[in-house]
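Given next are the chains, with one letter for each unit.
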Amino acid sequence: MTLLDGLWLASALTALAAGLFGRSPSAGPWLTALYGVQFLLVAFMGPLAYGADPVPASPAFSVLGYGLSWQFTALSWFFAVITAGAALAAAWFMSGAWGRHYAEQGGDLRLLQLALALNPSTMYVLLASRDFLSLFVGWELVSWASFVLMLAAGGVGVRWALRYLVYAIGGAMAVMAAMVLSHALTGSFEFGALAAVVPDLSAGTLWSLVILLSGGFGVKMGLLPFHLWQAGAYAETPGPGSAFLGAISSRMGLYAMLLTLFGVLGLGTLKALSIPWTPLEAHELLAWIAAFTIVLPTFTALKQNDARWLLAWHGIGQGGYMLMGVAMGDALASAGGLMHVFNHATYQAALFMAVTAVVYRTGTADLNKLGGLVTRMPLTFLVLLVGIIGLAGLPPMNGFVSKWLIYRALIDDGQPLLFVAAVVGTLGTIVSVYKLLHNIFLGQLRVEHESVREVPGSMLAPMLALSLIVFVTGLAPGLVLDWLTTVQRELGLAVLAPTLGGVERPDGGLDMLWVVGILFAGFGVGALIFLAGGRARTVHQLDNYAGGHFLTAEVRYHYSDNFYAGLMHRIGPWYRGSFQWLQDSVVAATDLLAQAAAGVYRVVQPAAWLLGVTVLALWWVAA
Amino acid sequence: MNFVVLAVALPLLAGFLTPALGRSSRALAQWLGWGTLAVCIGVLWVAWARLDGGTVAIAIGGFRPPLGIVFYLDAVALLFGLAVPLMALLLWPREGTPQQFALTLVLTASATGLALSGDIFNLYVFYELTAAASFGLIAGRGTGAAQGAALRYLLLSAAGSVLLLAGITIVYLRTGTLNLAHLATLAPERLQDPVGLAAFALMLIGLGVKGELFPVNGWVPEVYGSVSGRLAGLLAGLVSKLAVLVVVRILVLIFPQPEAAQLMLVLGMLGIVAGELAAWRARDLRRQFAFSSIGQLGIVFVAFSVPGEAGIVAGLAVALHHLLVKPALFLLAERWGGSIEGLRGAGRGHWLASGLFILFALSLVGLPPLPGFWAKLLTVMGLMGLGTGLAWLGALTVMAATVVEAAYLFRTLSVLLAREAGYTSPGPHRGLDLVTASLAGLVLVGSVFALHPLGDGLKAMAAQAADVQGYIRTVLGDRAVARRGQREDRISEAHPASRGSDRPMGRADRAYGWPAGSPTRGARS
């Protein structure tokens, strides 16, 4: 039995246990321990990230003469360790008070536990796939597992889950078409067989493969224009579920793209594939799609008034950075894109958990109905603060490193427009996450939240642990970058030479140890001045002014509604809802067609159709 | 192997005895029916075992083909033949009258005949008999809706039969024979022209009425929406497949021209689009399943339109999968009939039924490794392997239909499992319905663990069904094969593009020496 078999077994056992005992809140810690076992098993495969031989799975099947086999490589491991970590954190978060609360509120805890357990276990299957058939099997399993998780909430979540399903099946069918096309070209589902004939393929065939694969997998990533399902589906899932989905679920799309577009077709092929009459090549097209995926959803996030939706929209936008980095493909950019997968998972899970913690205490995620909670939930505030610094891509958190690598590569590669897009996205993120922090934690506390307390330890522990990772991997990004060099080698990309603090380059590298050191030294100086000044006065939270208006303590004031009124006055008219319109038109057109189809069966004389088709058929025969 | 005839003769005989017997004892009539079906299953099972993968032709009454009428037994014929009494037993109208028992038995006899017959004349007779039995069964429920539906079916079916007969007439005028094997030897010479194609078109549309071919399936939603789940399952699951099987036999043996397959592909595609989209809009659960059945049959037609073994493998896979899944779904819909919105929360508490529904829906949509996925994959592979634009469009249609299918099946499921209270359930499913559906579910899940042998079995079956020479050799002997080969040489010289060039060449042989150009002086003239 290999470690991969063990991992599969452990994850299957977790799902079984969740299905059998998940109903009882007291099963939470035991299930968390099982997720811990999964995480340990993944950790034992750690040598993969430093160049060890792939870990195969013992089961291998043959169906219709095609073999299916599985193995873990460095690429699989990188995604698996994030998956296992996110699942562990989510399970931990719901293992105690949250799970009890959820069950008391009428939630189906067993279903939620089972759905959560199914997700990592199917992902481990997908991440081990080494041919088109096993890839497709894993892909579908993962899609359906996240569908179950989205359904767990019931209510409005069901509507979003169903919308997700349509997109997901559409994407899966594109993948299937690519897989069958590859089979038609090579007579086999092996990646190697396709890779061998790639040099002989015509540009048209290659384009078909690129479009089908990136479109199919892009649906899961929420790439434009297939992004409309994601925010709602992730946001309306019960808290720990959103944390898991937001952390890793949609990155499976990136994994599959890396495996097929980069691992099989190869970056060189993408670079050689130019779009007629334009200066763009296929990989730049992907980068441009990524750029739009960064900018538009990020600014959509800015307009959200529900904290969960705001985060979910950012999740779509951040996926754009990952694809942009990987699509540019050089050592810096691809390392940045890949590292962003890790970084995003850590801070996004922490952020979703922080917001869920707020919902747990206050009952709402509405950004217009919160405020001033910093005095009541200081640790949750800290987690959210660390998380948004990471999400915005500012030092000293890990999000800064991955984005820096991408910016730097875009400048090196002479892509000023993409660079601007990336920076504009970051700007939008900063503006928007400030709104998140401000509306929940700053300002004056609302009367109804006077008695709110910090959340219990079972919820705080995973949040704080994730925050710690966000900070530590920001301080010493080399820890993660080391793994990525192996992944880059596996995918045939240029390999980065990282240091513990970042990268060294003759023309100016990045050493986060120095950056963070100087940052904290600055804080130290500030603290010294503060302490030496000696004239401090503690001000009560309600003892302040707003915009020149004097407010008494009876009037609680927190400016949250119509946040950024000035900015919206400028850019508000730019929001057109074009993609929503596009989606609605597709649905309307389908409905119209369906009406016509149903009309066929509503005729009084169905024999008329028989006559008609006979005449047509005979006419066709004669012609 | 002549005892196989019993599988057709016995239920027919029992069918005529049952009404008389039912007058004195309904229970006895029922037991007679069950016993007969059990014997049929036994007979076909023994035949299956003895055949052991080979093929056999049975000359009825000892008249040798092409003069006599024949039963042709190969794996496909026996598989579908075996499915007939088995499904009739599983979907037996338990609460019906002795008349309905009788009609079910007649349906069994004629459907078995459709699976086994080796000549078009017999096929036509059995086809008509199937239709007659179906009318009776549909109208037998006695409700106004059922009678209206039966009338609709009757009209369409009768018109279809006329077309079928017209097609058969053309074939007979051209060749002078109705024996399929004999036709297979003569077809390359005498039916490879527009008139032959017209004959195929007429037969396709005629048989298509029962095979739920677009657009001659106007009866489907009315009938399945108004009859009992068991009967709907029998008609949608079984009878439709047998009509398709006949079409496939004719296509493979007599009409290898690409245009014939193209016609089937186009109508199949339209059927997929119309069926799935109409199902998407359907607001009644049984009608939704009926439309879904039209869509699935569309996929069956599309799959079988792929020439050669690949098409038959895919078509068989889709057909068998649907044969398993749709009757079970109709059984589940027995308690959940009517408007879908009215079923809000109906599935909660009925976890076995809901679980089965989920399983079948997942398999229909094609979640690997469930069998529905492999069927769909084989279909798409067959189509895309052809490389023509039309075939690509067909593959695209099948895949787009999957999206629509997922949308409506899971929308329905979300309604069934919604957490709102307020639904007053009409009680749980009848035990037997659930057991039958569970059986289908078990077979479905079990087949996941036997994918490898099943795939091999299916391939062998398809290879046998696609082997035209084998068919001719089995029925007429070796010399006829050589004769066809020699004829095809002449044809392929004249039409190099026509299919069939993969068949071996042979010397001229005058075993059945008809002088060329005198088509009417055939075996039956």
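The structure presented is a predicted model; accordingly, all values stated were derived computationally and were not measured.

## Observations concerning the overall build of chain B
When helices and strands are tallied, chain B shows 20 helices and two strands. The buried share of chain B, taken over its 525 residues, is 62%. The contacts of chain B with a sequence gap of at least 6 include a subset with a gap of at least 24, amounting to 77%.

## A few points about the overall build of chain A
The helix and strand tally for chain A stands at 25 helices and nine strands. For 623 residues, the compact-globule estimate of 2.2 N^0.38 gives 25 Å, and chain A sits close to it at 26 Å. Along the first, second and third principal axes, the C-alpha atoms of chain A reach 100 × 70 × 55 Å. Put simply, chain A has 623 residues, and 56% of those count as buried. Taking as baseline every contact in chain A between residues at least 6 positions apart, the subset at least 24 positions apart corresponds to 78%.

## Re the interface of chain B and chain A
Contacts between the two partners involve 46 residues from chain B and, on the opposite side, 39 residues from chain A. Within the residue set of the side of chain B that touches chain A, elements represented by two or more residues are α6 (144-175), α8 (194-208), α11 (258-281), α15 (371-386), α16 (389-416) and α18 (451-466) of chain B. At eight residues, α16 of chain B tops the list of elements feeding residues into the side of chain B that touches chain A. A class-by-class count of the residues in the side of chain B that touches chain A yields 34 nonpolar, eight polar and four charged.

## Some details on unusual backbone geometry
Each neighbour pair has its own omega, and for Pro 395 of chain A with Pro 396 of chain A the value is 10 degrees, a cis peptide bond. For the bond running from Phe 214 of chain B to Pro 215 of chain B, omega is -5 degrees, close enough to zero to count as cis. With respect to the helices and strands, Pro 215 of chain B occurs in the loop between α8 and α9 (220-226). Of note, the phi angle at Trp 277 of chain A is positive, near 65 degrees, even though the residue is not glycine. Tracing the chain through its elements places Trp 277 of chain A in the loop between α13 (267-272) and α14 (282-302). For Trp 277 of chain A, a count of 6 C-beta atoms within 10 Å translates into the label exposed.

## Points about the environment of Leu 316 of chain B
Residues and elements named next belong to chain B. Within the secondary structure, Leu 316 sits in helix α13 (residues 308-333). Sequence spacing of Leu 316 and Ala 303 is 13 residues, and the spatial spacing of their C-alpha atoms is 8.5 Å. Excluding residues within four positions of it along the chain, Leu 316 makes contact with Val 76, Leu 458, Met 461 and Ala 462.

## What to know about the domain arrangement of chain A
Looking at the assigned domains, one finds that chain A contains domain 1 (275-535) and domain 2 (580-622). Put simply, the middle of domain 1 of chain A and the middle of domain 2 of chain A, counted by C-alpha atoms, are 51 Å apart.

Parameters and conventions
- Residues numbered from 1 in each chain as written.
- Chains lettered and ligands numbered in written order.
- Predicted model: local features only at pLDDT ≥ 70, side-chain atom pairs only at ≥ 80, totals over all residues.
- Helix = DSSP H or I, 4+ residues; strand = E, 2+ residues; numbered from the N terminus.
- Buried ≥ 20, exposed ≤ 12 C-beta atoms within 10 Å, placed from the backbone.
- Contact = placed C-beta atoms within 7 Å.
- Rg over C-alpha atoms; globule rule 2.2 N^0.38 Å.
- Nonpolar A, V, L, I, M, F, W, Y, C, P; charged D, E, K, R; others polar.
- Domains from an automatic or database assignment.

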